[in-house]
Amino acid sequence: MNKLFSASLAILLGWSGTALAQNGEDALRYTRLGLQGSARIQGIGGAQTALGADISTISVNPAGLGMFRRSEANLSLGFTNNSTNSLFMGRNTPDERSTINIPQAGVVFSNRKDDSESSDWRGSTFGISMSRINNFNNRTTYNGVTSETAPGIVEYIYEQALADGVTVDDLADEFNNGYFTLPGLAYGTYLFDELEDDQGAYYLPVDRFGALNIQEELVRRGSQSQFDFAFGTSFRDKIYLGASLGIVNSKFTQERIYRETESDTDSDFESLELRDQFTTEGAGVNLKLGVIVRPIDALRFGLSVQTPTAYTFTETYDRSMYSTFNGTAGRENYSAIEMPGEFSYQLTTPFRANTGVAVFVGKYGFITADAEYVDYSSMRFKEDDENSNFSGYFSGVNSSINDTYKSAMNYRVGAEGRYEVFRLRAGYAISGSPYKNSSFDAKVNTFTLGAGVRLQNYYADIAYARSNGNSRYSPYTFEDASQDPVVDMENKQSNVMFTVGLNF
């Protein structure tokens, strides 16, 4: 298995024994966006670059504001279900998590000139919108039995400790003064044996003989929401221009319980449990510029660009380890708790470019399609404090990102049919794989359906979206990738969304 696709939560959660645990998967989490927009836009697969006259276009192509002839406000309510089927050592484990959220809301104020006026500039529109651009809520569990010779997490911790040059004195110092590394937790729960020879004191993983029963529970919560403040205008009702300032708020929390149980009763070691949690909160800013050209009433072309989003994140984390041994003195339980920590860093996500076309069939509806370009290899971490001496670490992470990820194209297509005040919609979106040099299919496919009613001053829409994709996960990774435990995961998300709006 290519290690690029072992989304190693061991690193993600700080199992490397340091606050500096940011990697490419962290950056990708905040860069690879989900389907967004009102129920109308989601019903057509999110294809809106050339569409215009919808509040949702503020977050993708603010030029669409120039098409508004009246002021408008709307609000959306969403019901989301994320399900994961995990396959580990031949055993399938399904799990899921459901949430209720407000995925979109906004208001636009249109200052449209009367058609009798001769000015080439037909007016201006100011808009404010909120869009949920990512939903992190998910729950994953898996369990299975390894082979008798397969290493476990203690061997992983030992390999990392040797690579970091951790000595017995270092471990003893943590034992006496407080834990702040994963090897320290292992030492404090007697998962490392301390030995001595002619060279002095050294340590080894505790002896374990049989196959390991591995079980893990992983719960994620949080979301990314973008608030846009936008302006749009129209030139002769043929060219529409717009710009918006986007402010992104993000919160991500992950809680995990990892367990190992020994199957051989002759082993003194019986079980271990590692618990950890971290919360990352931050904000970012970006700028979007867009244009829509309507050469004839039936045809529109759209183009928009978004600058890289510059984030600042603060991460808080804590973890604890527990072990049980069944020796000559009976059952013995040990525990070690790490001192909570906090770390701040910066992240810059890639430049994005969208292009689209929309074809209108008179009063009967339209067909629209988008293409989006994103270069995931340009994601970059940076220390929050330039005097923190962490630049070397982030240089290594950024180099790994450049080697792991590539540019990708995302495509969206949708159609709306109209009959009097009724609307029917359908769409499809595909998010291209961000990884390079692998046969693993990391695309995300989304199918959508929608319907709506449009009255003179009110409207109501409903949409259903179904996304599916595959991923691979390893709770820890060795230098020899053949020893990694690998979980194949099938991820599905179902979303039902309602939008109501008012024209005024």
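Bear in mind that the values here come from a model prediction, so they are computed numbers and not experimental data.

### A few points about the nonpolar core
Right, so step 1: I153, I157, L191, F192, Y203, Y258 and M321 are the most contacted members of the largest nonpolar core, which has 34 residues in total.
Right, so step 2: Once you skip the residues sitting within four places of it in the chain, L191 turns out to touch V154, A186, L204, P205, V206, F269, L272, M321, S323 and F325.
Right, so step 3: Core analysis: the next-biggest nonpolar cluster, separate from the first, contains 26 residues, F278, L347, M379 and Y435 among them.

### What to know about the pattern of salt bridges
Right, so step 1: Considering all chains together, one arrives at 28 salt bridges under this definition.
Right, so step 2: The shortest N-O distance in the salt bridge between E273 and R275 comes to 2.5 Å.
Right, so step 3: Residue classification places E273 among the buried positions, given a relative accessible area of 16%.
Right, so step 4: Residue R425 pairs with D461 through a salt bridge whose shortest N-O separation is 3.1 Å.

### Topic: helix α4 (residues 153-163)
Right, so step 1: Among the residues of α4, those classed as buried are I153, V154, Y156, I157, Y158 and A161.
Right, so step 2: A positive phi of about 70° marks G165, the residue just after α4.

### Describing helix α5 (residues 168-177)
Right, so step 1: Looking at α5, one finds that the buried residues are V168, L171 and E174. For α5, the arc enclosing every buried residue in end-on projection is 125°, short of the 170-degree limit, so these residues lie on one face. The outward face of α5, more than 90 degrees from its buried face, is lined by the exposed residues D169, N176 and N177.
Right, so step 2: Residues of α5 that are buried make contact with α6 (182-188), β6 (192-197) and β7 (200-205).
Right, so step 3: Following α5 by one or two positions, G178 has its phi on the positive side, about 120°.

### Structural notes on the environment of G282
Right, so step 1: Relative to the assigned elements, G282 resides in strand β10 (residues 269-296).
Right, so step 2: A relative accessible area of 16% places G282 in the buried class.
Right, so step 3: For the pair G282 and E315, spaced 33 residues apart in the sequence, the C-alpha separation amounts to 8.7 Å.
Right, so step 4: Not counting chain neighbours up to four residues away, the residues in contact with G282 comprise V248, N249, S250, T312 and F313.

### As for the pairing of strand β3 (residues 104-112)
Right, so step 1: Both strand β1 (residues 72-88) and β3 contribute to a ladder of 4 bridges, which runs antiparallel. Counterpart to E72 in the pairing with β3 is V108.

### Some details on the side chain of S86
Right, so step 1: Along the polypeptide, S86 turns up in strand β1.
Right, so step 2: Classification of S86 as buried rests on a relative accessible area of 0%.
Right, so step 3: Among the polar contacts made by the side chain of S86, one reaches the main-chain carbonyl oxygen of T141 at a distance of 3.4 Å.
Right, so step 4: If near-sequence neighbours (up to four positions away) are discounted, S86 is found in contact with R91, N92, T93, T140, T141, Y142, V487, D488 and M489.

### Quick look at the packing of aromatic side chains
Right, so step 1: One pass over the full model with this rule turns up 30 aromatic pairs.
Right, so step 2: Ring geometry for F136 against F252: centres 5.3 Å apart, planes inclined by 85°, an arrangement best described as edge-to-face. Of this pair, F136 sits in the loop between β4 (121-135) and β5 (138-145) while F252 sits in strand β9 (residues 239-262); the two residues are 116 residues apart in sequence, bridging distant segments of the chain. Neither F136 nor F252 differs from the other in exposure class; each is buried.
Right, so step 3: Centroid distance Y428 to F447: 5.0 Å. Interplanar angle 40°. Geometry classified as tilted. Taken together, the residues Y428 in strand β19 (residues 422-431) and F447 in strand β20 (residues 444-454) connect sequence positions 19 residues apart.
Right, so step 4: Taken together, the ring pairs connect Y30, F136, F252, F278, Y311, F313, F343, Y345, F381 and F394 into an aromatic cluster.

### Comments concerning the environment of Q36
Right, so step 1: Locating Q36 in the fold gives a position in the loop between α2 (24-29) and α3 (39-43).
Right, so step 2: Exposure remark for Q36: the relative accessible area of 12% places this residue in the buried category.
Right, so step 3: In this structure, the C-alpha to C-alpha distance between Q36 and A172, residues 136 residues apart in sequence, is 51 Å.
Right, so step 4: With sequence-adjacent residues up to four places away left out, Q36 is seen in contact with I41, Q42, Q48, S59, S131, R132 and I133.
Right, so step 5: One polar contact links Q36 to S59, side chain to side chain, over a distance of 3.5 Å.

### Some details on the side chain of Q42
Right, so step 1: Relative to the helices and strands, Q42 resides in helix α3.
Right, so step 2: Take Q42: its relative accessible area is 5%, and that puts it in the buried class.
Right, so step 3: Among the polar contacts listed, one links the side chain of Q42 to the side chain of N495, at a separation of 3.4 Å.
Right, so step 4: Not counting the four nearest positions on each side in its chain, Q42 is found in contact with L35, Q36, G37, T448, A463, A465, N495 and M497.

### A few points about the environment of N61
Right, so step 1: The residue N61 is located in the loop between α3 and β1 in this model.
Right, so step 2: A relative accessible area of 1% places N61 in the buried class.
Right, so step 3: In this structure, the C-alpha to C-alpha distance between N61 and D26, residues 35 residues apart in sequence, is 27 Å.
Right, so step 4: Apart from residues no more than four positions distant in its own chain, N61 is found in contact with T49, G290, V291, I292, G302, L303 and S304.
Right, so step 5: Polar contacts involving the side chain of N61 include one to the main-chain carbonyl oxygen of T49, which spans 2.8 Å.

### What about unusual backbone geometry?
Right, so step 1: Positioned with a positive phi, D237 is a non-glycine residue whose angle comes to about 55°.
Right, so step 2: Although it is not a glycine, E420 adopts a positive phi angle of roughly 55°.
Right, so step 3: Structurally, E420 is set in the loop between β18 (407-419) and β19.

Reading guide: rules and limits
- Residues numbered from 1 in each chain as written.
- Predicted model: local features only at pLDDT ≥ 70, side-chain atom pairs only at ≥ 80, totals over all residues.
- Heavy atoms only, no water.
- Core = buried A, V, L, I, M, F, W, Y, C linked by side-chain atoms within 4.5 Å.
- Buried < 20%, exposed > 50% of the residue type's maximum accessible area, 1.4 Å probe, protein only.
- Contact = heavy atoms within 4.5 Å.
- Salt bridge = Lys/Arg side-chain N within 4 Å of Asp/Glu carboxyl O.
- Helix = DSSP H or I, 4+ residues; strand = E, 2+ residues; numbered from the N terminus.
- Arc of directions from axis to C-beta.
- Pairing = 2+ DSSP bridges.
- Polar contact = N/O pair within 3.5 Å; in protein donor to acceptor, adjacent residues only side chain to side chain.
- Phe/Tyr/Trp six-rings, centres within 6.5 Å; stacked < 30°, edge-to-face > 60°.

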